Each structure stands twice: as C-alpha cells, then as structure tokens.
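# Inside the fold
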Amino acid sequence: MTIDEKLLTGILNREEQALSDLYDRYHRIIWKIAHQTDSDPSVCEQLVAQVFRTVWKDPKNFMHNRKLLAQLIDCCRSHSTRATIKKCS
C-alpha cells in the first residue's frame, strides 16, 4: 500500500491526522496550481482549503487508479474555474 493509499484510508476512517499529513504532503503544489489561476493570496488559500475539504468530505472520490496528486490538481482547477465563473457573473 502506498503512502497516499494509507492517507486516504485514514481519511476514510475519519482520522484527522491523515488529512493533516496529506495537507503537509501536497499543499505547496496545490498552492502553486491555485496561484497560476489567481495571484491573490487569499483566493489561493481558499482554493487550497477547498481542495482538502473536498477530500475530507468524500475521500472515496479520490480512491481511483489515477495518482492522487493528479486528482488533487484536477480538483483545484475545477474549484478555481467555479470561482472565476462566480467572479464574472
């Protein structure tokens, strides 16, 4: 079992430490992806938080054969697209 699989299993079991460890492992990369979309630090913080809230809320959606990092990046881009649409409407 990979580290990511262990962390997701922990999150599935509602272990807050697993979410904290996942955050520590990937938050910098997710921040960089968020920053590509919007340079406002507060927006980036919100996007990063939203990604990890999404993982906590429904970890089963991240337990696919794809690499977890790719799924987190997709999640960030999806949330940033929605935020951009809200800004423009």
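Look up a bit, the structure's there.
Every value quoted in this text rests on a predicted model; they were computed, and no experiment measured them. (Residues numbered from 1 in each chain as written. Predicted model: local features only at pLDDT ≥ 70, side-chain atom pairs only at ≥ 80, totals over all residues. Heavy atoms only, no water.)

### Topic: the packing of helix α1 (residues 3-12) against helix α2 (residues 16-37)
What counts, and what does not: Note on method: axes are straight lines fitted to C-alpha atoms, helices fitted across the in-contact stretch only, with angles between N-to-C directions ranging 0 to 180 degrees. Secondary structure counts use DSSP, requiring at least four H or I residues in a row for a helix and at least two E residues in a row for a strand, with both numbered from the N terminus. Should an angle fall under 35 degrees it is taken as roughly parallel, and over 145 as roughly antiparallel, whereas 65 to 115 is taken as roughly perpendicular and any remaining angle as oblique. We call a crossing left-handed when the near helix sits turned anticlockwise from the far one by less than a right angle, and right-handed when that turn is clockwise. Contacts between residues were defined by any pair of non-hydrogen atoms, one from each residue, lying within 4.5 Å. All residues other than Ala, Val, Leu, Ile, Met, Phe, Trp, Tyr, Cys, Pro, Asp, Glu, Lys and Arg, Gly among them, are scored as polar; the first ten of these are nonpolar and the last four charged.
One way to put it is that α1 packs onto α2 with a least axis distance of 8 Å and a crossing angle of 140 degrees. As the angle between them shows, α1 and α2 are arranged oblique. With respect to the hand of their crossing, α1 and α2 are arranged in left-handed fashion. Along the contact surface, α1 presents Ile 3, Asp 4, Leu 7, Gly 10 and Ile 11, while α2 presents Ala 18, Leu 19, Asp 21, Leu 22, Arg 25 and Tyr 26. Across the contact of α1 with α2, the residue classes break down as seven nonpolar, one polar and three charged.

### Things to note about the nonpolar core
Quick reminder of the rule: The criterion is simple. A nonpolar core is a set of buried Ala, Val, Leu, Ile, Met, Phe, Trp, Tyr and Cys residues joined through side-chain atoms within 4.5 Å. Burial status follows relative accessibility: with a 1.4 Å probe on protein chains alone, a residue under 20% of its type maximum counts as buried, one over 50% as exposed, and anything between as partly exposed.
The biggest cluster of nonpolar side chains holds 23 residues, and the ones touching the most others in it are Leu 22, Ile 30, Phe 52 and Leu 72. Taken together, the elements giving at least two residues each to this core come down to α1, α2, α3 (41-57) and α4 (68-88).

### Let's talk about unusual backbone geometry
Of note, Arg 14 is a non-glycine position whose phi angle comes to about 65 degrees, a positive value. If you trace the backbone, Arg 14 turns up in the loop between α1 and α2. According to the relative accessible area criterion, Arg 14 is partly exposed, its value standing at 41%.

### Here we look at the pattern of salt bridges
The line we're drawing: Any Lys or Arg side-chain nitrogen found within 4 Å of a carboxyl oxygen on Asp or Glu counts as a salt bridge.
Under the counting rule described, the total for this entry stands at two salt bridges. We note a salt bridge from Arg 25 to Asp 4, for which the minimum N-O separation is 2.9 Å. In this pair, Arg 25 is assigned in helix α2 and Asp 4 in helix α1, connecting sequence segments 21 residues apart. Since its relative accessible area comes to 14%, Asp 4 is described here as buried.

### Describing the layout of surface pockets
We count it as follows: As defined here, a cavity is a set of points on a 1 Å grid over the protein atoms alone where a 1.4 Å probe fits but cannot get out. A pocket is an open set with protein on both sides within 12 Å along at least five of seven lines, and residues line them when an atom is within 4 Å of a point. Grid points are joined across faces, edges and corners, and a volume is the space filled by probe spheres set on the points.
The computed volume of the largest pocket comes to approximately 270 Å³. What lines the largest pocket is a set of 14 residues, among which Thr 2, Asp 4, Glu 5, His 64 and Arg 66 lie closest to the centre. Elements with a contribution of two residues or more to the lining of the largest pocket: α1 and α4. Partitioned by chemical class, the residues of the lining of the largest pocket number five nonpolar, five polar and four charged.

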